[in-house]
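Breakdown of the fold
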Amino acid sequence: AAFCPRLGGTGTFGGYGMNIIHVAVGVLCNPHGEILFAQRPTGKPMAGYWEFPGGKLEAGESVHAALARELHEELGIDIGASSHWRVVEHVYPHAHVLLHFQIIREWTGEPHGREAQALCWQRLDAVHTQPILPATVPLLDDLANFVAIV
């Protein structure tokens, strides 16, 4: 491997006829200005695509609580505070998702792929991992600007 709802429920939305899945997305920023990308493992939808780590919210769970749980399970880290960046809706062939992006700058432990996923720290002005999940690609420039000023 390379090392390089509290919002509530499901239901149909936007006429797509699929249940909405609320997903907590962690944008981990290190002191060097790099962001952590994780590669989706074999056996999951869109395997091989790169994404920011995170996962589905469980019933009654806040976005931060979901990130704390998911990032501990996936990366072996315990996160500090997270701050809201934005919410994005996207319809994939297999799922209709509402992505809740949170910026995370503090955690304990060294991120490592506990689910055999590859990880890569990289600057947003020089992203070299491909392919990136389609819902994320149009956000990279805005995210780079936001991370630089916060």
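Residues numbered from 1 in each chain as written. Predicted model: local features only at pLDDT ≥ 70, side-chain atom pairs only at ≥ 80, totals over all residues. Heavy atoms only, no water.

1. Some details on the overall build of the protein chain
How we decide: Per the convention used, a helix needs a DSSP run of H or I reaching at least four residues, while a strand needs a run of E reaching at least two, with both numbered from the N terminus. Relative accessibility thresholds used throughout: buried, under 20% of the residue-type maximum; exposed, over 50%; partly exposed, between the two (1.4 Å probe, protein chains only). With residues, only the protein chains shown are counted as cover, and all accessible areas are computed by Shrake-Rupley using a 1.4 Å probe.
Summing up its helical and strand segments, the protein chain has two helices and nine strands in all. Its helices and strands in sequence order give the protein chain the pattern β-β-β-β-α-β-β-β-β-β-α, from N to C terminus. The buried share among the 150 residues of the protein chain stands at 44%. About 7,600 Å² of surface is accessible on the protein chain, with carbon and sulfur atoms providing 54% of the total.

2. Remarks on the environment of Ala68
Here Ala68 shows up in helix H1 (residues 63-75). A C-alpha to C-alpha distance of 9.7 Å links Ala68 and Ala24, two positions 44 residues apart in sequence.

3. Remarks on the sheet that holds strand E3 (residues 50-51)
We apply this condition: Strand pairing follows a simple DSSP-based rule, namely that at least 2 bridges must link the two strands.
Strand order in the open sheet formed by three strands is E3-E2-E9, and the pairing between neighbours is antiparallel. Strands with a single pairing partner mark the edges of an open sheet, and in this sheet they are E3 and strand E9 (119-122). Inspection of the sheet shows strand E2 (residues 35-39) paired to E3 by two bridges, in the antiparallel sense. Residue pairing across strands places Gln39 opposite Trp50, the latter belonging to E3.

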